[in-house]
Amino acid sequence: MGLLSASNLNKSFGTDVIFSGVSFEVQENDRIGLVGVNGSGKTTLLKLLTGELQPDAGDIFKANATVLGYMEQHVCRDLDRSAYNEVLTVFSDLLRLEKELEEINLRLQAKPKDLDRLVEKQALLNDRFVAMGGLTCRGRARSALLGLGFDDEQMAMPIGVLSGGQKAKLQLAKMLLCGANLLLLDEPTNHLDIPSVEWLEDFLRSYSGAYLVISHDRYFLDKITNRTFEMENQRLTVYKGNYSTYLSQKEENDLAAQRKYDNTQKEIKRIEGIVTQQRQWNREKNIKTAENKLKMIDRLEKTLEKPDEKPDSIHFDFGISQRGGNDVLSAENLALSFDGKKLFENVNLEIHRGERVFLIGPNGCGKTSLLKTILGIYTPDAGEFRFGAGIDAGYYDQIQAGLHPEKTVIDEIWDSYPRMTQTEIRNALAVFLFKGDDVFKSVSALSGGERARVLLLRLMLSRDNFLLLDEPTNHLDIGSCEALEAALQSYEGTLFIVSHDRYLINKIADRVYHLDENGTQEFIGNYDQYIAASREKTAEEAENTVVKPNEYKLQKERNAAIRKEKAEMRRHEAQIDEIETEIGELEQELLKPEVASDYQAAMEITEKISALTRKNDELYQQWSILAQKYEE
């Protein structure tokens with residue numbers, strides 16, 4: 001059954017056309033992901049569907065049975081109300097019924113004259129109360145809050161003292177419980193930690209209605225969608241399948257469109273050549289042939305469709321000014337608390353040059369605080385940490401506190417790098433999509449995504465060899481996330497990243513640390529491997545009623561051994577590079593005329609080259625043994 005359809009929707013703001021000719025249908029059980037760059041009109045489209053905005057042209061048809069649920073429609077206005085009672089407002093009709101039933105019960109106890117009428121009314125109201133889910137509404141409200149990471153203490157807190165993320169979760173909980181059969185979700189995973197996102201995924205997979213979701217969380221979209229709507233170049237294109245399927249289909253479609261365009265252009269040029277040739281002969285027959293060929297060209301040009309230009313995208317390039325030592329960061333038994341309340345303890349970290357290490361854990365466990373402790377912003381209660389030789393640390397702050405609201409975009413960058421020329425600064429900003437007068441925008445007027453671009457550009461220009469990134473993909477659209485991902489993959493330095501972006505973790509992680517109040521647990525591999533290891537560990541614990549403390553110790557020893565082997569391989573690679581450079585320099589020395597003519601000097605250099613070559617061969621052999629062992 002069709003729940004909703006749109007036909008030829010157009011929307012502009014002033015002279016800016018947001019989109020035109022947008023048409024689609026939403027069927028029962030559709031799971032639709034809506035993707036596109038920031039500013040392509042995704043949120044505007046949702047607001048047209050809810051009636052908050054009106055289209056300039058086109059029609060929206062909604063079935064009588066369709067009940068829309070839109071996250072932004074549920075606003076928490078009473079800041080003194082508890083979080084739990086705020087969610088219960090979704091069931092206000094049921095709560096009124098419940099109160100009416102309680103009043104009837106009290107009246108029945110007094111044995112009134114209209115006893116039969118009251119008993120009949122009680123039965124009718126009770127049937128309606130049960131049919132509408134009155135018996136389970138409180139349980140559903142509590143389950144939704146628990147799934148989104150609230151504990152009983154937080155459920156009792158007034159809304160006014162909750163964080164922005166917790167308020168967003170309240171709105172999400174209300175929307176999920178509102179009884180809609182078509183949900184419109186605009187970035188529902190913002191402010192959610194990984195456990196909450198996974199709960200939301202489970203909820204949506206078992207949801208009986210349809211939904212249309214805007215998200216830049218590619219892993220989330222892969223898990224919960226079966227259709228993809230793309231907003232690009234003021235149009236909407238419909239694809240079957242989840243995000244990854246859409247990507248491959250789009251690539252094929254773009255390639256086919258480009259081939260068709262190129263082949264048609266070639267055919268037009270070929271026919272134009274025939275026309276030129278026929279006209280040169282200038283006979284009646286040739287002139288008629290040329291006219292026919294010109295008609296063919298007209299027909300081909302009418303069918304000629306130039307492929308859409310790709311939207312402007314950011315190009316990251318994180319270089320390093322110096323290589324730094326093999327040991328980048330070591331932390332032993334770090335502990336931190338605020339106002340006597342423990343945040344974490346027993347945090348142990350070992351990070352080596354070239355590694356891509358991720359830190360994950362629930363909201364509030366202290367991930368950002370751990371980064372700030374390592375950077376010296378906070379002082380640990382216990383433990384110690386140290387950086388290796390030649391390590392330059394750069395930091396990306398997810399709350400964007402390092403920006404100056406009173407400055408312009410160009411001054412924000414220029415004040416950090418005063419030796420750069422204005423042309424160099426403007427060229428760098430252009431790569432990050434700040435062009436023309438955009439560079440003179442006030443930082444206070446920027447969107448979250450624009451602020452993120454300014455911070456990332458400032459970090460990129462630092463050329464630090466150790467980057468500590470706190471939720472770097474927050475505020476970025478999917479295209480920017482993919483550009484950042486590609487740059488981090490080719491980065492020659494070392495990465496330590498706090499992120500809930502599971503797609504990013506899967507792409508580039510060597511290791512994952514999970515943080516909670518009791519410390520860190522280390523897992524080799526990416527996010528999917530971390531999940532598999534976690535489930536395996538949980539299953540083993542469930543199977544064994546007797547705790548086996550040695551198994552955990554052995555696993556730690558195995559992980560340590562693997563880490564040691566990988567570090568040894570990296571050291572060997574570094575030594576091989578250094579020796580090869582030295583051999584190259586000596587070989588250049590041999591070519592100099594004054595050395596070539598000096599037998600003694602030439603022999604000494606030749607012996608040095610031979611010794612270095614033997615040493616390099618030994619290192620290659622050792623590296624091969626370690627590589628084979630590591631693969632096993």
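Quick notes on the rules
- Residues numbered from 1 in each chain as written.
- Predicted model: local features only at pLDDT ≥ 70, side-chain atom pairs only at ≥ 80, totals over all residues.
- Heavy atoms only, no water.
- 1 Å grid on protein atoms, 1.4 Å probe; cavity = no way out; pocket = protein on both sides within 12 Å on 5 of 7 lines; lining within 4 Å.
- Points joined across faces, edges and corners; volume = space filled by probe spheres on them.
- Helix = DSSP H or I, 4+ residues; strand = E, 2+ residues; numbered from the N terminus.
- Nonpolar A, V, L, I, M, F, W, Y, C, P; charged D, E, K, R; others polar.
- Pairing = 2+ DSSP bridges.
- Axes fitted to C-alpha atoms, helices over the stretch in contact; angles between N-to-C directions.
- Salt bridge = Lys/Arg side-chain N within 4 Å of Asp/Glu carboxyl O.
- Buried < 20%, exposed > 50% of the residue type's maximum accessible area, 1.4 Å probe, protein only.
- Phe/Tyr/Trp six-rings, centres within 6.5 Å; stacked < 30°, edge-to-face > 60°.
- Lys NZ or Arg CZ within 6 Å of the ring centre and 35° of its normal.
- Core = buried A, V, L, I, M, F, W, Y, C linked by side-chain atoms within 4.5 Å.
- Contact = heavy atoms within 4.5 Å.
- Parallel < 35°, antiparallel > 145°, perpendicular 65-115°, else oblique.
- Left-handed = near helix turned anticlockwise from the far one by under 90°.
- UniProt positions renumbered as here; feature names shortened; annotations may be inferred.
- Expected span 1.5 Å × (residues − 1).
- Polar contact = N/O pair within 3.5 Å; in protein donor to acceptor, adjacent residues only side chain to side chain.

Colleague: Can you walk me through the layout of surface pockets in this structure?
Modeller: Where empty space is left in the structure can be found by rolling a water-sized probe over the atoms. When its volume is computed, the second largest pocket comes out at roughly 1500 Å³. Along its surface, the second largest pocket is lined by 45 residues, and Ser163, Pro362, Asn363, Gly364 and Cys365 are the ones closest to its centre. At the level of secondary structure, the elements contributing two or more residues to the lining of the second largest pocket comprise helix H6 (152-155), helix H7 (164-176), helix H8 (194-206), strand E11 (341-352) and helix H12 (367-374). Residues that form the lining of the second largest pocket fall into these classes: 13 nonpolar, 19 polar and 13 charged.

Colleague: How should I be thinking about the sheet that holds strand E1 (residues 2-13) in this particular structure?
Modeller: Think of a sheet as strands paired side by side through backbone hydrogen bonds, with each pair either parallel or antiparallel. With antiparallel pairing, the 3 strands of this open sheet are ordered in space as E2-E1-E4. Edge positions in the sheet fall to strand E2 (16-27) and strand E4 (57-62), since each of these pairs with one other strand and no more. Recorded for the sheet is a direction-independent mean angle of 15° between the axes of neighbouring strands. Note: E1 against E4, 5 bridges, orientation antiparallel. Paired with Ser5 across the two strands is Phe61, which belongs to E4.

Colleague: Explain the pairing of E1 here, please?
Modeller: Taken residue by residue, a regular strand's side chains alternate between the two faces of the sheet. Two strands pair when backbone bridges link them, and E1 and E2 are joined in this way by 8 bridges, in the antiparallel orientation. Residue pairing in the sheet places Gly2 in a bridge with Gln27 of E2. In this antiparallel pair of consecutive strands, E1 and E2, the connection spans 2 residues, and Gly14 shows a positive phi of 65°.

Colleague: In this structure, what is going on with the pattern of salt bridges? I would like to understand it.
Modeller: Pairs can form between side chains of opposite charge once their charged atoms are near each other. Under the definition given, this model contains 28 salt bridges. Note that Glu332 is salt-bridged to Arg386, the shortest N-O span being 3.5 Å. One end of the pair, Glu332, is in strand E10 (residues 327-338); the other, Arg386, is in strand E13 (residues 382-387), and 54 residues separate them in sequence. You can call Arg386 partly exposed: its relative accessible area is 42%. Its salt-bridge partner being Glu355, residue Arg511 comes within 2.7 Å of it at the nearest N-O pair. Of the two residues, Arg511 is situated in strand E17 (residues 511-516) and Glu355 in the loop between E11 and strand E12 (356-360); the sequence distance between them amounts to 156 residues. Glu355 shares its class with Arg511; the two are buried. Salt bridges linked by common partners bring Glu230, Glu232, Lys250 and Asp254 together as one network.

Colleague: I'm lost on the packing of aromatic side chains in this one. Help?
Modeller: When we look at a pair of aromatic rings, we describe it by the centre distance and by the angle of the planes. Within this structure, the stated rule accounts for 16 aromatic pairs. Ring geometry for Phe316 versus Phe432: centroids 5.1 Å apart, planes at 90°, classification edge-to-face. Taken together, the residues Phe316 in the loop between helix H11 (284-303) and E10 and Phe432 in the loop between helix H14 (422-431) and helix H15 (448-462) connect sequence positions 116 residues apart. Classification of Phe316 as buried rests on a relative accessible area of 11%. Ring centres of Phe318 and Tyr491 lie 6.4 Å apart, and the angle between their planes is 80°; this geometry places the pair in the edge-to-face category. With Phe318 in the loop between H11 and E10 and Tyr491 in the loop between helix H16 (478-490) and strand E16 (494-498), the pair connects residues that are 173 residues apart, well separated along the chain. Residue class for Phe318 comes out buried when judged on its relative accessible area of 6%. Taken together, the ring pairs in this structure connect Trp199, Phe203, Tyr207 and Tyr211 into an aromatic cluster. Here the basic side chain of Arg453 rests over the ring of Phe434, its NZ or CZ set 4.9 Å away from the ring centre.

Colleague: How should I be thinking about the environment of Glu284 in this particular structure?
Modeller: With respect to the helices and strands, the residue Glu284 is situated in helix H11. Separated by 164 residues in sequence, Glu284 and Gly448 place their C-alpha atoms 69 Å apart.

Colleague: Explanation requested: the nonpolar core in the structure shown.
Modeller: A general trend in soluble globular proteins is that nonpolar side chains are found buried together. Counting 96 residues, the largest nonpolar core has Leu183, Phe316, Phe318 and Leu429 as its most contacted members. Take this core: its biggest share by element is 7 residues, from H15. Residues in contact with Phe316, not counting those within four places in the same chain, are Phe432, Leu456, Met460, Ser480, Ala483, Leu484 and Ala487. Core analysis: the next-biggest nonpolar cluster, separate from the first, contains 25 residues, Leu3, Val22, Ala210 and Leu236 among them.

Colleague: Teacher, can you tell me more about the sheet that holds strand E3 (residues 31-35) here?
Modeller: Pairing in this open sheet of 6 strands is mixed, and the strands run E5-E6-E7-E3-E8-E9 from one edge to the other. The two strands at the open ends of the sheet, each matched to only one other strand, are strand E5 (68-70) and strand E9 (235-240). The average undirected angle you get between the axes of adjacent strands in this sheet is 20°.

Colleague: Would you mind going over the packing of helix H10 (residues 243-281) against H11 with me for this structure?
Modeller: Two quantities define a packed helix pair, namely the angle between the helix axes and the distance between the axes. Taken N-terminus to C-terminus, the directions of H10 and H11 make an angle of 160°; their axes are 8 Å apart at the nearest point. By the criterion of interaxial angle, the relationship of H10 to H11 is roughly antiparallel. For the pair H10 and H11, the sense of crossing is left-handed. Judged by residue contacts, Thr264, Glu267, Ile268, Ile271, Glu272, Ile274, Val275, Gln278, Arg279 and Trp281 of H10 engage Asn286, Thr289, Ala290, Lys293, Leu294, Met296, Ile297, Leu300 and Glu301 from H11. Residue composition of the contact of H10 with H11, by class: 10 nonpolar, 4 polar and 5 charged.

Colleague: Would you explain the UniProt feature "domain: ABC transporter" (unreviewed entry) in the chain in this entry?
Modeller: Feature annotation in UniProt places "domain: ABC transporter" (unreviewed entry) on residues 4-258 and 329-542, given in this structure's numbering. Split by type, residues 329-542 is 35% helix and 28% strand. Its first and last C-alpha atoms lie 35 Å apart.

Colleague: Would you mind going over H15 with me for this structure?
Modeller: Note on helix geometry: an α-helix contains 3.6 residues per turn, so any two residues three or four positions apart are oriented the same way. Here H15 contains 15 residues, and its C-alpha end-to-end distance of 22 Å stays within 8% of the 21 Å for a straight helix at 1.5 Å per residue. Of all 15 residues in H15, 12 are buried, a share of seventy percent or more. Within the span of H15, buried status applies to Gly449, Glu450, Arg451, Ala452, Arg453, Val454, Leu455, Leu456, Leu457, Arg458, Leu459 and Met460. Buried residues along H15 sit in contact with strand E14 (393-396), helix H13 (409-414), H14, strand E15 (466-470) and H16. Just beyond H15, the residue with positive phi is Arg463, at close to 55°.

Colleague: How should I be thinking about empty space enclosed by the protein in this particular structure?
Modeller: As enumerated under the stated definition, the model contains 1 cavity of 30 Å³ or more in all. Its volume calculated, the largest cavity comes out at about 30 Å³. Asp193, Ile194, Gly361, Asn363, Lys367, Glu471, Ser499 and His500 are the residues that line the largest cavity. By residue class, the composition of the lining of the largest cavity is 1 nonpolar, 4 polar and 3 charged.

Colleague: Just checking my understanding: could you explain the environment of Ser40 for this structure?
Modeller: Mapping Ser40 onto the fold places it in the loop between E3 and helix H1 (42-50). Counting along the chain gives 455 residues from Ser40 to Leu495, while the straight-line C-alpha distance between them is 32 Å. Filtering out sequence-adjacent residues up to four positions away, Ser40 remains in contact with Ile18, Phe19 and Met231. At a separation of 2.8 Å, a polar atom in the side chain of Ser40 contacts the main-chain carbonyl oxygen of Val37.

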